[in-house]
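Breakdown of the fold
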Amino acid sequence: MQLYTDGGEYIEALRLAENILAEFPEQSEQEGIHKQYSMLNQLASGEDERIVKKRTSFENNGGLTSRKGRIEGTELASMLWKNSGYQSEAVSLVTKLLRVQSSKENLSAECSYAASNQVILAQSYRNNGDNKNAADAFLTAAQYAKMADDSSLACRCLYGAVEAFDSEGLTGDTREAYELMKQLYPDDEYTKLAQHIVEGGN
């Protein structure tokens, strides 16, 4: 079965897995053939191999219940978000991940992953024209990125908030987000771009 899979012959591997499952159900259960069958089914139907493998890795590493699983899930969400056909799955996944990652017991250890997931959520709101929620999500992402000492991401997120507030016509909030950028990241290019928006050059 592995030979077929390695060679990209997913339909042949799927047929072999079906036969093994039918003939040796108990042994198949013990050896995880049903999980391989699920992955092969996705591959044979034409799904992106990297996404299928990352999804399987996420599940095999405990999914939402373990830190390693959540790290795999964050990587999976990023892959899904970059592919327009999977963006709704990405949003669903980051929503679940953030519920766990943003909890008091996990946030300090997982703030960088939470920041990445929060950015996807913010971009999703923005794509749907929900600028107020997008801005709030970008502000939260900036907070997580700052906790993770990722000043570059934090500044980009604050800029996302400035843009979203501005698109919503919330002048006071736009200026407040910009002032925070100016205070924290005065020399960053995104701060200069935000100044351009605030001063009416958008």
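Everything quoted here is computed from the prediction, not taken from an experiment.

1. Considering the packing of aromatic side chains
Aromatic ring pairs: the centre-centre distance and the angle between the two ring planes describe each pair. Evaluation of the coordinates by the stated rule reveals 1 aromatic pair. Ring plane angle 55° and centroid distance 5.3 Å describe the contact between tyrosine 159 and tyrosine 190, whose orientation is recorded as tilted. Of this pair, tyrosine 159 sits in helix H10 (residues 151-167) while tyrosine 190 sits in helix H12 (residues 189-198), and the two are 31 residues apart along the sequence. Residue classification places tyrosine 159 among the buried positions, given a relative accessible area of 13%. The class for tyrosine 190 is partly exposed, based on a relative accessible area of 30%.

2. Let's talk about the state of the cysteines
This structure, assessed with the given rule, holds 0 disulfides. Free cysteine cysteine 157: the closest other cysteine sulfur is in cysteine 155, separated by 9.3 Å. A residue is classified by how much of its surface remains accessible, and cysteine 157, at 2% relative accessible area, is buried.

3. Remarks on helix H11 (residues 171-184)
It helps to recall that an α-helix has 3.6 residues per turn; residues three or four apart then point in one direction. Between its first and last C-alpha atoms H11 spans 20 Å; for 14 residues at 1.5 Å apiece the expected length is 20 Å, and the two agree. Within the span of H11, buried status applies to Thr174, Ala177, Tyr178 and Met181. Within H11, the buried residues cover an arc of 100° as seen down the axis, which keeps them to one side. Summarising the geometry of H11, the exposed residues directed more than 90 degrees from the buried face are Gly172, Glu176 and Gln183.

4. Topic: the confidence of the model for the protein
Within the protein, residue pLDDT values average 87, and 76% of them lie at 70 or more. For the protein, per-element mean pLDDT is lowest for helix H1 (residues 2-6), which scores 48, and highest for helix H9 (residues 131-147), which scores 98. Counted against residues more than four places away or in other chains, residues 3-7, with its pLDDT under 50, gives 8 contacts.

5. Overview of the nonpolar core
Grouped together as the largest cluster of nonpolar side chains are 47 residues, with contacts concentrated most on Leu80, Leu93, Cys157, Val162 and Met181. When residues of this core are traced back to their parent elements, those giving at least two are helix H5 (49-60), helix H6 (67-81), helix H7 (87-101), helix H8 (104-127), H9, H10, H11 and H12. Counting residues per element, this core draws most heavily on H10, which supplies 10 residues. Excluding anything up to four places from it in sequence, valine 162 contacts Thr174, Ala177, Tyr178, Met181, Ala194 and Ile197.

6. Concerning the packing of H6 against H7
Two numbers describe how H6 lies on H7: the axes approach to 8 Å, and their chain directions differ by 150°. It follows from the interaxial angle that H6 and H7 lie roughly antiparallel. The handedness of the crossing between H6 and H7 comes out as left-handed. Across the interface between the two elements, Arg70, Gly73, Thr74, Leu76, Ala77, Leu80 and Trp81 from H6 touch Gln87, Glu89, Ala90, Val91, Leu93, Val94, Leu97, Val100 and Gln101 from H7. Along the lines of polarity and charge, the residues of the contact of H6 with H7 split into 10 nonpolar, 4 polar and 2 charged.

7. A closer look at the environment of threonine 171
Relative to the assigned elements, threonine 171 resides in helix H11. When the C-alpha atoms of threonine 171 and valine 198 are compared, they prove to be 8.0 Å apart, with 27 residues separating the residues in sequence.

Conventions we followed
Residues numbered from 1 in each chain as written. Predicted model: local features only at pLDDT ≥ 70, side-chain atom pairs only at ≥ 80, totals over all residues. Heavy atoms only, no water. Phe/Tyr/Trp six-rings, centres within 6.5 Å; stacked < 30°, edge-to-face > 60°. Helix = DSSP H or I, 4+ residues; strand = E, 2+ residues; numbered from the N terminus. Buried < 20%, exposed > 50% of the residue type's maximum accessible area, 1.4 Å probe, protein only. Disulfide = S-S within 2.5 Å. Expected span 1.5 Å × (residues − 1). Arc of directions from axis to C-beta. pLDDT = per-residue confidence, 0-100. Contact = heavy atoms within 4.5 Å. Core = buried A, V, L, I, M, F, W, Y, C linked by side-chain atoms within 4.5 Å. Axes fitted to C-alpha atoms, helices over the stretch in contact; angles between N-to-C directions. Parallel < 35°, antiparallel > 145°, perpendicular 65-115°, else oblique. Left-handed = near helix turned anticlockwise from the far one by under 90°. Nonpolar A, V, L, I, M, F, W, Y, C, P; charged D, E, K, R; others polar.

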